[in-house]
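Take a look at the letters that make up each chain.
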Amino acid sequence: MNYPDITLASASPRRRELLTQLGVRFELVKADIDETPQPNEAPAAYVQRLAQQKARAGLGLCQQRPVLGADTIVVCDGAILGKPTDFADFNQTMQRLSGRSHQVMTAVALLDDTRQLQCLVSTLVWFRPLTAADIHSYWHSGEPQDKAGGYGIQGLGGKFIPRIDGSYSAVVGLPLYETDQLLQQWQERA
Ligand SMILES: Cc1cn([C@H]2C[C@H](O)[C@@H](COP(=O)(O)OP(=O)(O)OP(=O)(O)O)O2)c(=O)[nH]c1=O
């Protein structure tokens, strides 16, 4: 595939692996941004703003390549469930997700000084009912700590998930189909 060479503005090993899976040639920069939601900011607006800000922050650090930034959030009843701050926070999140469905939103932004392309992918994820023992042992596995919503579908967390409706790779952190489309669109209009 004829993709542009890009910069990935991300510290996430999952995003790196998914982009490699597509066969994209990229360099890495780490874009540190403030992830605080604005007052009354809707989840879809928030996740798109963060993806753009990560890409923008990367622009200053790269050598004239388009920069890709992405953000993933877990949304339940309109509330954004971020990375767990401690066990109490994680426990609350798991109680909320237990035995029902929620949304995972991933936004991707691809930009340089003159152009910007972006997409938003929303996936429904179902959790089976969780016991207190499930929640404790999952926390102590060490997996939830750096993950939006406190779980990883690609890891141990997958055993709680009987079904999804949408994009598996988007839940992990970077939607393969939509990212391919963005990169192709970028190249076509280069
Ligand atoms: C829901 C879910 C999230 N996640 C991950 C994807 C993201 O890496 C992380 C969400 O946090 P993000 O803030 O989107 O990303 P990040 O901080 O890991 O990386 P960066 O901002 O540098 O690109 O949670 C999974 O790995 N599996 C899952 O099932």
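Looking at an unreviewed UniProt entry, one finds the protein chain named dTTP/UTP pyrophosphatase and attributed to Rheinheimera muenzenbergensis. Listed in UniProt under the heading Cofactor (unreviewed entry), the comment for the protein chain reads: "a divalent metal cation". Quoted straight from UniProt, the Sequence similarities (unreviewed entry) entry for the protein chain says "Belongs to the Maf family. YhdE subfamily."

1. Let's talk about the UniProt feature "active site" (unreviewed entry) in the protein chain
UniProt's entry tags Asp71 with the feature "active site" (unreviewed entry), counted in the numbering of this structure. One can find Asp71 in strand E3 (residues 67-76). Given 26 C-beta atoms within a 10 Å radius, Asp71 is considered buried. Residues within four places of Asp71 in sequence aside, it is in contact with Val47, Leu50, Ala51, Lys54, Thr106 and Ala107.

2. Concerning the site of the ligand
Near the ligand, the surroundings consist of 21 residues, among which Ser10, Ser12, Ala148, Ile153 and Gly173 are the closest. If you list the elements that add at least two residues to the shell around the ligand, you get helix H1 (13-22), E3 and helix H5 (168-172). Take the shell around the ligand: its biggest share by element is 4 residues, from E3. Of the residues contributing to the shell around the ligand, the split by class is 9 nonpolar, 7 polar and 5 charged.

3. Looking at the nonpolar core
Ala51, Ala55, Leu68 and Val108 are the most contacted members of the largest nonpolar core, which has 38 residues in total. Elements with a contribution of two residues or more to this core: strand E1 (6-9), H1, helix H2 (43-59), E3, strand E5 (101-111), strand E6 (116-126), H5 and helix H6 (176-188). Looking at this core element by element, the count peaks at 7 residues for E5. Beyond its immediate stretch of four places on either side in the chain, Leu68 contacts Ile6, Leu8, Ala9, Ala55, Val108 and Leu110.

4. Thoughts on the pairing of E6
Inspection of the sheet shows E5 paired to E6 by 11 bridges, in the antiparallel sense. Paired with Leu111 across the bridge in E6 is Gln116. As paired strands, E6 and strand E7 (residues 163-165) are joined by 3 bridges and run antiparallel to one another. Within the sheet, the bridge partner assigned to Leu124 lies in E7 and is Asp165.

What counts and what doesn't
Residues numbered from 1 in each chain as written. Predicted model: local features only at pLDDT ≥ 70, side-chain atom pairs only at ≥ 80, totals over all residues. UniProt positions renumbered as here; feature names shortened; annotations may be inferred. Helix = DSSP H or I, 4+ residues; strand = E, 2+ residues; numbered from the N terminus. Buried ≥ 20, exposed ≤ 12 C-beta atoms within 10 Å, placed from the backbone. Contact = placed C-beta atoms within 7 Å. Near = placed C-beta within 6 Å. Nonpolar A, V, L, I, M, F, W, Y, C, P; charged D, E, K, R; others polar. Core = buried A, V, L, I, M, F, W, Y, C linked by C-beta atoms within 7 Å. Pairing = 2+ DSSP bridges.

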